[in-house]
Amino acid sequence: MSSDPDHEYPVDGDVGQQEMVLSRKSAVLVDGVILNGPTTDAKAGEKFVEEACRLIMEEVVLKATDINEKVCEWRPPEQLKQLLDLEMRDTGEPHHRLLELCQDVIRYSVKTNHPRFFNQLYAGLDYYSLVARFMTEALNPSVYTYEVSPVFLLVEEAVLKKMIEFIGWKEGDGIFNPGGSVSNMYAMNLARYKYCPDIKEKGLSGLPRLILFTSAECHYSMKKAASFLGIGTANVCFVETDGRGKMIPEELEKQVWQARTEGAAPFLVCATSGTTVLGAFDPLEEIADVCERHGLWLHVDASWGGSALMSRKHRRLLHGIHRADSVAWNPHKMLMAGIQCCALLVKDKSDLLKKCYSAKASYLFQQDKFYDVSYDTGDKSIQCSRRADAFKFWMTWKALGTLGLEERVNRALALSRYLVEEIKKREGFKLLMEPEYANICFWYVPPSLREMKEGPEFWEKLNLVAPAIKERMMKKGSLMLGYQPHRGKVNFFRQVVISPQVSREDMDFLLDEIDLLGRDM
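What you see is a predicted model, and the numbers here were worked out from it, not measured in a lab.

**Regarding the overall build of the chain**
Turning to step 1, where the next piece is worked out: A tally of helices and strands in the chain yields 15 helices and 16 strands.
Turning to step 2, where the next piece is worked out: In terms of overall dimensions, the chain has a C-alpha envelope of 90 × 60 × 45 Å along the principal axes.
Turning to step 3, where the next piece is worked out: As displayed, the chain has an accessible area near 25,300 Å², and 53% of this comes from carbon and sulfur atoms.
Turning to step 4, where the next piece is worked out: Treating the 66 positive side-chain charges of the chain as one cloud and the 73 negative ones as another, the clouds have centres 5 Å apart.

Structure follows, in structure tokens:
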């Protein structure tokens, strides 16, 4: 350590652009680094935040519901790389340049808040959730102990308790995770731990061949979880579904008996409430009966469909969910709580989550703290640092109330029904099936194919239509809509209605625009 009264030490300030001159008498160095005072210019930083927030307000929030704005400003990857100036350099860049970069990021990003963004199972802008996200980003909390995150831990507890009530359990446990895929993995591991608790310490050696069962229409995260956890994708049994995409309970029963006959050890059934493509809801009561007879853990992946529980009219879709041992539910989808907002809910109240996942880190979870350490809930997570995701949903729920959330679900499904009826009326549009949720799957048949017999050549040509229309709509920026082939069916569109900013006029526009973009094919 040294101090030189005869020299002034310049210090890099705002990204290297400003100098701060220290007092001749107080400059202190350690390893050549000046330790006196802050080395950033707070005033300049505050001004940058203020200007950036103004930009976000003007270019994102205020334009979110403007149908005259483009949904996307499509550029191919190599061109976009050049437009964005992605290179990080040795010296920092001035604030005016950073603001220009922010403008470019907004311009070339997909506007998922746009009323005509229908591409994914999330959409729209919830203003209350957005404010909650601004707050958590500014406060930068990590939700593991009460001492560092008192408000957000209490918020998470309150939200989980309310979600548990809507499932129909009298009590339970839960935790917010970074995605429904992670919630499904948690549930799979929890079911395995319940089946063989020694696995936590002794690992996989000596275990029987564990097998789990899930719908042929399940989310791909089930295979990923089985691979990640060492169960193996070959030990995921996919149960056949009916024509509407629902798991067939009789087939499940057959597969369970078959696995036992082969000497395997069934331990888990994962049902789905709201499949990704078709929006199908598995028959939970019948599946729960099978699980009860065979002593299997029942997990329900309601990441997409769980929000129907908020609606007295539509909660019947999840009839029997109260019999599940665990449930994945993503409020960031239908309820628009902002990505990511995903809960795993567990019926068990014996601290099974904590027993399964705790590592008892002594530097975080000391048992002799001056407050009630039961509020230090982070040890039941596989994460250390964890975002305050529940706060987004809490803020929206506080703003809208349960009735407002119910209306959000009811309106989305009413708009879906309107679109279905319009598809039936229009020449050139063909439904795959009657939907029971907000997934409307359909083909657009261009004029050139409408008189053709539905044989191999017809389906081969129809398979090319949706991708070509998708390319045209992306380059035009008029809307975004997903498509896919599925279980033997050629490419079709999947329309999903979520946002309350979406109107009947947007449904009409969707069909008009597809016809406009595809009528010359």
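The structure having been displayed, the exposition proceeds.
**A word on the sheet that holds strand β16 (residues 489-496)**
Hydrogen bonds between backbone atoms are what pair the strands of a sheet, whose relative direction is either parallel or antiparallel.
Turning to step 1, where the next piece is worked out: One open sheet accounts for 5 strands, arranged β5-β15-β16-β14-β13; its pairing is mixed. Bordering the open sheet on either side are β5 (117-118) and β13 (429-431), each of which pairs with just one other strand.
Turning to step 2, where the next piece is worked out: Where strand β15 (residues 480-486) meets β16, 4 bridges bridge the pair, whose relative direction is antiparallel. The residue bridging H486 from the neighbouring strand is K489, located in β16.
Turning to step 3, where the next piece is worked out: Strand contacts of helix α15 (residues 504-518): β5, β13, β14 (439-444), β15 and β16, with the helix running at about 25 degrees to β14, the strand carrying the most contacts.

**Observations concerning helix α4 (residues 127-139)**
Turning to step 1, where the next piece is worked out: With 13 residues, α4 extends 18 Å between its outermost C-alpha atoms, agreeing within 8% with the 18 Å of an ideal straight helix rising 1.5 Å per residue.
Turning to step 2, where the next piece is worked out: Within the sequence span of α4, burial applies to S129, L130, A132 and T136. Projected down its long axis, α4 shows its buried positions confined to an angular sector of 160 degrees, all on one face.
Turning to step 3, where the next piece is worked out: Against the buried residues of α4 lie α1 (42-61), α5 (150-167) and α12 (390-425).

**Digging into the sheet that holds strand β11 (residues 326-329)**
Turning to step 1, where the next piece is worked out: The sheet built from 7 strands is open, its strands ordered β6-β12-β11-β10-β9-β7-β8 with mixed pairing. Edge positions in the open sheet fall to β6 (173-177) and β8 (236-239), since each of these has one partner strand only. Ignoring strand direction, the axes of neighbouring strands in this sheet form an average angle of 20 degrees.
Turning to step 2, where the next piece is worked out: Across 5 bridges, β6 lies against strand β12 (residues 342-346) in antiparallel orientation. If you follow I175 over to β12, its bridge partner there is L344.
Turning to step 3, where the next piece is worked out: Sheet contacts for α5: β6, β11 and β12; angle to β6, the most-contacted strand, approximately 115 degrees.

**Some details on the pairing of strand β7 (residues 210-215)**
Turning to step 1, where the next piece is worked out: Across the 6 residues that make up β7, a large majority, 6, are buried.
Turning to step 2, where the next piece is worked out: Strand direction decides the pairing type here: β7 and strand β9 (residues 265-272), joined by 5 bridges, are parallel. Considered in β9, the bridge of I211 is made with P266.
Turning to step 3, where the next piece is worked out: Sheet topology note: the β7/β8 ladder contains 4 bridges and is parallel. Across the sheet, the residue bridging to L212 is V236, located in β8.
Turning to step 4, where the next piece is worked out: With helix α8 (residues 221-228) bridging β7 and the parallel β8, this β-α-β connection has right-handed handedness.

**Quick word on the domain arrangement of the chain**
Turning to step 1, where the next piece is worked out: We note that the domain assignment places domain 1 (16-69 + 73-109), domain 2 (142-387) and domain 3 (401-519) within the chain.
Turning to step 2, where the next piece is worked out: Distance from the C-alpha centre of domain 1 to the C-alpha centre of domain 3: 41 Å.

**Brief notes about the side chain of T136**
Turning to step 1, where the next piece is worked out: Position of T136 among the secondary structure elements: in helix α4.
Turning to step 2, where the next piece is worked out: Among all residues touching T136, those that are not within four sequence positions of it are P141, F152, A388 and F391.

**Concerning the packing of aromatic side chains**
Turning to step 1, where the next piece is worked out: Counted under the stated rule, the structure contains 17 aromatic pairs.
Turning to step 2, where the next piece is worked out: Judged by centre distance (4.8 Å) and plane angle (50 degrees), the ring pair of Y186 and Y357 falls under tilted. Residue Y186 is located in helix α6 (residues 180-195), and its partner Y357 is located in helix α11 (residues 352-357); the two are separated by 171 residues in the primary sequence. The exposure classification of Y186 matches that of Y357, with both residues buried.
Turning to step 3, where the next piece is worked out: Their ring planes at 80 degrees and their centres at 6.2 Å tell us that W443 and F492 sit as a pair that is edge-to-face. With W443 in strand β14 and F492 in strand β16, this residue pair connects regions lying 49 residues apart in the sequence. Considered together, W443 and F492 belong to a single accessibility category, that of buried residues.
Turning to step 4, where the next piece is worked out: Ring-pair connections join several aromatic residues into one group, and the members of that group are Y146, F370, Y371 and Y375.
Turning to step 5, where the next piece is worked out: Across from the ring centre of F509, 3.7 Å away, lies the NZ or CZ of R116, which sits over that ring.

**Regarding the packing of α5 against α12**
Turning to step 1, where the next piece is worked out: Two elements in contact, α5 and α12, have axes whose closest approach is 9 Å; the angle formed by their N-to-C orientations is 60 degrees. Judged on the interaxial angle alone, α12 and α5 are oblique. α5 and α12 meet at a crossing whose hand is left-handed. Between α5 and α12, the residues in contact are F152, V155, E156, V159, K162, M163 and F166 and A390, F391, F393, W394, W397 and T402, respectively.

**Examining the UniProt feature "modified residue: N6-(pyridoxal phosphate)lysine" (unreviewed entry) in the chain**
Turning to step 1, where the next piece is worked out: Within this numbering scheme, the UniProt entry marks K333 as carrying the feature "modified residue: N6-(pyridoxal phosphate)lysine" (unreviewed entry).
Turning to step 2, where the next piece is worked out: Structurally, K333 can be placed in the loop between β11 and β12.
Turning to step 3, where the next piece is worked out: Leaving out residues up to four positions away in the same chain, K333 has contacts with L121, Y122, S303, W304 and I498.

**Here we look at a nonpolar patch on the surface**
Turning to step 1, where the next piece is worked out: Among the surface-exposed residues, V30, V33 and L35 lie close enough to one another that they form a single nonpolar patch of about 240 Å² accessible area.
Turning to step 2, where the next piece is worked out: Inspection of the secondary structure puts L35 in the loop between β4 (33-34) and α1.

**What to know about the pattern of salt bridges**
Turning to step 1, where the next piece is worked out: Enumeration according to the criterion identifies 46 salt bridges in this entry.
Turning to step 2, where the next piece is worked out: A salt bridge links E59 to K63, with the nearest nitrogen and oxygen atoms 2.8 Å apart.
Turning to step 3, where the next piece is worked out: Residue K63 is classed as partly exposed on the basis of its relative accessible area of 27%.
Turning to step 4, where the next piece is worked out: Two residues, R97 and E93, come together in a salt bridge whose shortest N-O distance is 3.8 Å.
Turning to step 5, where the next piece is worked out: Put simply, D85, R89, E93, R97 and E100 are held in one network by salt bridges that share partners.

Rules and cut-offs
- Residues numbered from 1 in each chain as written.
- Predicted model: local features only at pLDDT ≥ 70, side-chain atom pairs only at ≥ 80, totals over all residues.
- Heavy atoms only, no water.
- Helix = DSSP H or I, 4+ residues; strand = E, 2+ residues; numbered from the N terminus.
- Areas by Shrake-Rupley, 256 points an atom, 1.4 Å probe, with all protein chains shown as cover.
- Lys, Arg positive; Asp, Glu negative; His and termini not counted.
- Charge placed at Lys NZ, Arg CZ, Asp CG, Glu CD.
- Pairing = 2+ DSSP bridges.
- Contact = heavy atoms within 4.5 Å.
- Axes fitted to C-alpha atoms, helices over the stretch in contact; angles between N-to-C directions.
- Expected span 1.5 Å × (residues − 1).
- Buried < 20%, exposed > 50% of the residue type's maximum accessible area, 1.4 Å probe, protein only.
- Arc of directions from axis to C-beta.
- Right-handed = clockwise from strand over helix to strand, strands pointing away.
- Domains from an automatic or database assignment.
- Phe/Tyr/Trp six-rings, centres within 6.5 Å; stacked < 30°, edge-to-face > 60°.
- Lys NZ or Arg CZ within 6 Å of the ring centre and 35° of its normal.
- Parallel < 35°, antiparallel > 145°, perpendicular 65-115°, else oblique.
- Left-handed = near helix turned anticlockwise from the far one by under 90°.
- UniProt positions renumbered as here; feature names shortened; annotations may be inferred.
- Patch = residues over 30% accessible without salt bridge, like charges linked within 9 Å, V, L, I, M, F, W, Y side chains within 5 Å.
- Salt bridge = Lys/Arg side-chain N within 4 Å of Asp/Glu carboxyl O.

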